[in-house]
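Working through the structure, step by step
What follows is the residue order along each chain.
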Amino acid sequence: MNPIFGAGPSLSLRMLFALIFSVIAMVADTRTEGSKQIRSFLITVVSPIQYLASLPESTIDSFATHLASKNSLLEENQKLRKLQLLQNQKLQQYEMLKTENDKLRSLLKTNLRSDSRKQVAEIISVASHPFAHNVVIDKGLTDDVFIGQPVLDDLGVVGQITSVGNTTSRVILITDQTHAIPIRVLRNDIRGILTGSGNLTKMELSNLSHNTDVKVGDKLITSGLGGVFPDGYPVAEITQISPDVTKPFMQVVARPIAQVDRLKHVLLLWQDTNDRESDQ
């Protein structure tokens, strides 16, 4: 009986046929033009399949590259923000130091007599009581500070020393309601007493009769009387006059010229020997 499937060529023979066919195909590929056309056609047919096969890998690579770029940009952005904060902090500090330096230069250029001794002091604390206008400075007995010593800023009179320790002193401001300073009107030399009101922007000129020649805008300067403040330093400017005839004196309000509400540094003033002798 014959088998259903006949036996084919042996495996060795098949390999020999395949080898011979491959050699013939390679020779034909190099010798004929038709094979090039066939190869080009096959490449054209296969290329979309190759593209589709490589698409997932290229997509993953592109996403990974994009993610890496985004992370890199985020890190760079954070570094730039930190750098900006540091630069802004340095800029703020520079502006503060520049302003403070300009203030100190103005303070030392205050119109003092050339033979007067002066020294810059720093405010280290401010009175916590709302009606007590006094501050503490970082100069004391070791710096020859004395009670009653005049204190100025770069614009005008600030106050005077009321108590002295070894390294610190207390200054009462001219706006304190217990403080009074002899003044004269710069325009006509009319004299008076300027007292504090407990308000940093308001002082009162006391005991002026209704016919006294004072005007809004008049500058008030130290008169030199009393032996505390030398003559001629700016104190205040008249801002309001109320000639109420029902009262025995005019109500005259003035604004301090010194910036008593924003003090950082002040100037201590020593009178020269000739001034002290003349006051005595």
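Every chain is numbered on its own, with residues counted from 1 as its sequence reads. Where totals are concerned, whole chains, interfaces and linings use all residues; where local detail is concerned, this predicted model gives features only for residues with pLDDT of at least 70, and gives and counts side-chain atom pairs only at 80 or more. Side-chain metrics in this entry use all non-hydrogen atoms of the structure; hydrogen atoms and water are not considered.

Moving on to the layout of surface pockets. Of the two site types, the cavity is a set of points on a 1 Å grid over the protein atoms alone where a 1.4 Å probe fits but cannot get out, and the pocket is an open set with protein on both sides within 12 Å along at least five of seven lines, each lined by residues with an atom within 4 Å of a point. Grid points are joined across faces, edges and corners, and a volume is the space filled by probe spheres set on the points. The computed volume of the largest pocket comes to approximately 170 Å³. In this structure, the largest pocket is lined by 15 residues; those nearest its centre are V126, V135, L173, L200 and V260. Secondary structure elements with two or more residues in the lining of the largest pocket: β1 (117–126) and β2 (134–137). By definition, any uninterrupted DSSP run of H or I lasting at least four residues is a helix, any uninterrupted run of E lasting at least two residues is a strand, and each is numbered from the N terminus.

This next bit is on the pattern of salt bridges. Salt bridges, as used here, are contacts in which a Lys or Arg side-chain nitrogen is within 4 Å of a carboxyl oxygen on Asp or Glu. According to the stated counting rule, one finds 10 salt bridges in the structure shown. R187 is paired through a salt bridge with D218; the nearest N and O atoms lie 2.9 Å apart. Highlighted residues: R187 in the loop between β6 (180–185) and β7 (191–199) and D218 in the loop between β8 (202–206) and β9 (219–222), separated in sequence by 31 residues. Residue D218 is classed as buried on the basis of its relative accessible area of 6%. Here D261 makes a salt bridge to R262, at a shortest N to O gap of 3.5 Å. Working definition: with a 1.4 Å probe on protein chains only, accessible area under 20% of the residue-type maximum means buried, over 50% means exposed, and in between means partly exposed. Exposure remark for R262: the relative accessible area of 55% places this residue in the exposed category. Look at the salt bridges and you will find they share partners, linking R184, D189 and D231 into a network.

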